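One-letter residues, chain by chain:
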Amino acid sequence: MIGTSNGLESDAVTAVFRDREDSVWIGMWGAGLARWPGNTEWTNWTTADGLSNNVVWAVLRHPSGSLWVGTDRGLVRLLGSGPAKTWFRKDGLGGDKVKALALGPDGAVWAACLPGGVTRIDPVSGRTRNYGQEAGLVDDRVIAMYIDGENRLWA
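Residues numbered from 1 in each chain as written. Predicted model: local features only at pLDDT ≥ 70, side-chain atom pairs only at ≥ 80, totals over all residues. Heavy atoms only, no water.

**Points about the overall build of the protein chain**
Part 1: Along its length, the protein chain carries zero helices and 14 strands.
Part 2: The order of α-helices and β-strands along the protein chain, N terminus first, is β-β-β-β-β-β-β-β-β-β-β-β-β-β.
Part 3: Over its C-alpha trace the protein chain gives a radius of gyration of 15 Å, about what one expects of a compact globule, namely 15 Å for 155 residues.
Part 4: Referenced to the eigenvectors of the C-alpha coordinate spread, the extents of the protein chain come out at roughly 50 × 30 × 25 Å.
Part 5: Looking at the protein chain residue by residue over its 155 residues, the buried ones come to 45%.
Part 6: Considering only residue pairs separated by 6 or more positions, the protein chain has 37% of its internal contacts joining residues 24 or more positions apart.
Part 7: Taken as a whole, the protein chain presents about 8300 Å² of accessible surface, with 48% of it coming from carbon and sulfur. (Helix = DSSP H or I, 4+ residues; strand = E, 2+ residues; numbered from the N terminus. Rg over C-alpha atoms; globule rule 2.2 N^0.38 Å. Buried < 20%, exposed > 50% of the residue type's maximum accessible area, 1.4 Å probe, protein only. Contact = heavy atoms within 4.5 Å. Areas by Shrake-Rupley, 256 points an atom, 1.4 Å probe, with all protein chains shown as cover.)

This is the structure we're talking about:
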């Protein structure tokens, strides 16, 4: 068991992701994002570090090295250096609450919004395209997604 007694900022964990370097990324309810490379080392990110909100629902490491974080208030792309880039509904995201993320075979990032359907973000241009009822979704409140071996997006 890993929790606050081990240095984690909160016991309310909402997302867990293990990257290709074997670091564990932990999204927390109200405490932002933590990276645990092992042992007792922790690195934390909150709104003070560029997150748009401290409620983190999803974490995705892009092959380019950027880290994508779905929050209660937008989608954040953290780069190794430089400022974070955040998408909100006003910037083309389907909705401000991002509950899940998926990586497409072409490098596109897919965001599940609640409400707002599904948004595809081109990681190079940053352009967005939204998919809702007109694309076949029965409901625009999406909380989970998966891209299968045949490159079909399940929402």
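There is more to say after this.
**Overview of the sheet that holds strand β7 (residues 74-78)**
Part 1: With respect to topology, four strands assemble into an open sheet ordered β5-β6-β7-β8, the strand pairing being antiparallel. Because the sheet does not close on itself, it has two edges, and the strands there are β5 (56-61) and β8 (85-87). Going from strand to strand, the sheet's axes swing by 20° on average, the running direction of each strand aside. (Pairing = 2+ DSSP bridges. Axes fitted to C-alpha atoms, helices over the stretch in contact; angles between N-to-C directions.)

**Comments concerning the packing of aromatic side chains**
Part 1: Applying the stated criterion across every chain yields a total of five aromatic pairs.
Part 2: Ring centres of W110 and Y131 lie 5.5 Å apart, and the angle between their planes is 35°; this geometry places the pair in the tilted category. In this pair, W110 sits in strand β10 (residues 109-113) while Y131 sits in strand β12 (residues 128-131), placing the two residues 21 residues apart along the sequence.
Part 3: W110 sits in the buried class, given a relative accessible area of 15%.
Part 4: Positioned above the aromatic ring of W87, the side-chain terminus of K85 is 4.8 Å from the ring centre.
Part 5: Between the NZ or CZ atom of K99 and the centre of the ring of W57, over which it lies, the distance is 3.2 Å. (Phe/Tyr/Trp six-rings, centres within 6.5 Å; stacked < 30°, edge-to-face > 60°. Lys NZ or Arg CZ within 6 Å of the ring centre and 35° of its normal.)

**Some points on the layout of surface pockets**
Once rolled over the atoms, a probe with the size of a water molecule shows which space is left empty.
Part 1: Here the largest pocket is characterised by a volume of approximately 230 Å³.
Part 2: W110, V118, Y131, L153 and A155 are the residues nearest the centre of the largest pocket, which is lined by 15 residues in total.
Part 3: Contributing to the lining of the second largest pocket are W25, W45, D49, R61, G65, L67, L78, L79, G80, G82, P83 and A84.
Part 4: Partitioned by chemical class, the residues of the lining of the second largest pocket number seven nonpolar, three polar and two charged. (1 Å grid on protein atoms, 1.4 Å probe; cavity = no way out; pocket = protein on both sides within 12 Å on 5 of 7 lines; lining within 4 Å. Points joined across faces, edges and corners; volume = space filled by probe spheres on them. Nonpolar A, V, L, I, M, F, W, Y, C, P; charged D, E, K, R; others polar.)

**What about the side chain of S23?**
Part 1: Its place among the elements puts S23 in the loop between β1 (13-18) and β2 (24-28).
Part 2: For S23, a relative accessible area of 2% translates into the label buried.
Part 3: Here S23 is in contact with F17, R18, R35, W36 and P37, once residues within four sequence places are set aside.

**Considering the sheet that holds β2**
Part 1: Here we have four strands laid out as an open sheet, ordered β1-β2-β3-β4, and antiparallel in their pairing. One side of each edge strand has no neighbouring strand; the edge strands of this open sheet are β1 and β4 (41-45). With strand direction ignored, the average angle separating the axes of adjacent strands in the sheet is 20°.
Part 2: Summarising the sheet, β2 and strand β3 (residues 32-38) pair through five bridges and their orientation is antiparallel. Paired with I26 across the two strands is A34, which belongs to β3.

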